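So the chains spell out like this:
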Amino acid sequence: MNDLALQFAELEIRVSELHTALEFVTNQRNDYKDLADSLFKELEACKVHLREAHALVSRLRVHIQQGIEL
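Described below are features of the structure shown in this document. (Residues numbered from 1 in each chain as written. Predicted model: local features only at pLDDT ≥ 70, side-chain atom pairs only at ≥ 80, totals over all residues. Heavy atoms only, no water.)

### Some points on the overall build of the chain
(1) Moving on: For the chain, the count of helices and strands is one helix and zero strands.
(2) Moving on: In terms of overall size, the chain is more extended than a compact globule, its C-alpha atoms giving a radius of gyration of 30 Å where 70 residues would be expected to give roughly 11 Å.
(3) Moving on: Across its three principal axes, the chain shows a C-alpha extent of roughly 95 × 10 × 10 Å.
(4) Moving on: For the chain, the proportion of its 70 residues judged to be buried stands at 0%.
(5) Moving on: Here the chain contributes 8 positively and 12 negatively charged side chains, and the mean placements of these two sets differ by 16 Å. (Helix = DSSP H or I, 4+ residues; strand = E, 2+ residues; numbered from the N terminus. Rg over C-alpha atoms; globule rule 2.2 N^0.38 Å. Buried < 20%, exposed > 50% of the residue type's maximum accessible area, 1.4 Å probe, protein only. Lys, Arg positive; Asp, Glu negative; His and termini not counted. Charge placed at Lys NZ, Arg CZ, Asp CG, Glu CD.)

Have a look at this one:
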């Protein structure tokens, strides 16, 4: 009976450790998901900025080709 109680106590400790590890991994996953969402938003903003810059460069090229003074 003593061996059984000892095994049970060891299993309780292991379950507690696993629960703590799961909590840590879950928090890390959530942090990484938040970071990924933030980076995705930043990437989308960069894409918009790049499209605007491309349009501006295109307009400037047309002006230069037409000899329009800037």
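### Some thoughts on helix α1 (residues 2–66)
(1) Moving on: Here α1 contains 65 residues, and its C-alpha end-to-end distance of 95 Å stays within 8% of the 96 Å for a straight helix at 1.5 Å per residue.
(2) Moving on: Remark: G67 follows α1 within two positions and exhibits a positive phi of approximately 75°. (Expected span 1.5 Å × (residues − 1).)

### What about a nonpolar patch on the surface?
(1) Moving on: On the surface, a nonpolar cluster with roughly 330 Å² of combined accessible area is contributed by Y32, L35 and L39.
(2) Moving on: Mapped onto the elements of the fold, Y32 is located in helix α1. (Patch = residues over 30% accessible without salt bridge, like charges linked within 9 Å, V, L, I, M, F, W, Y side chains within 5 Å. Areas by Shrake-Rupley, 256 points an atom, 1.4 Å probe, with all protein chains shown as cover. Salt bridge = Lys/Arg side-chain N within 4 Å of Asp/Glu carboxyl O.)

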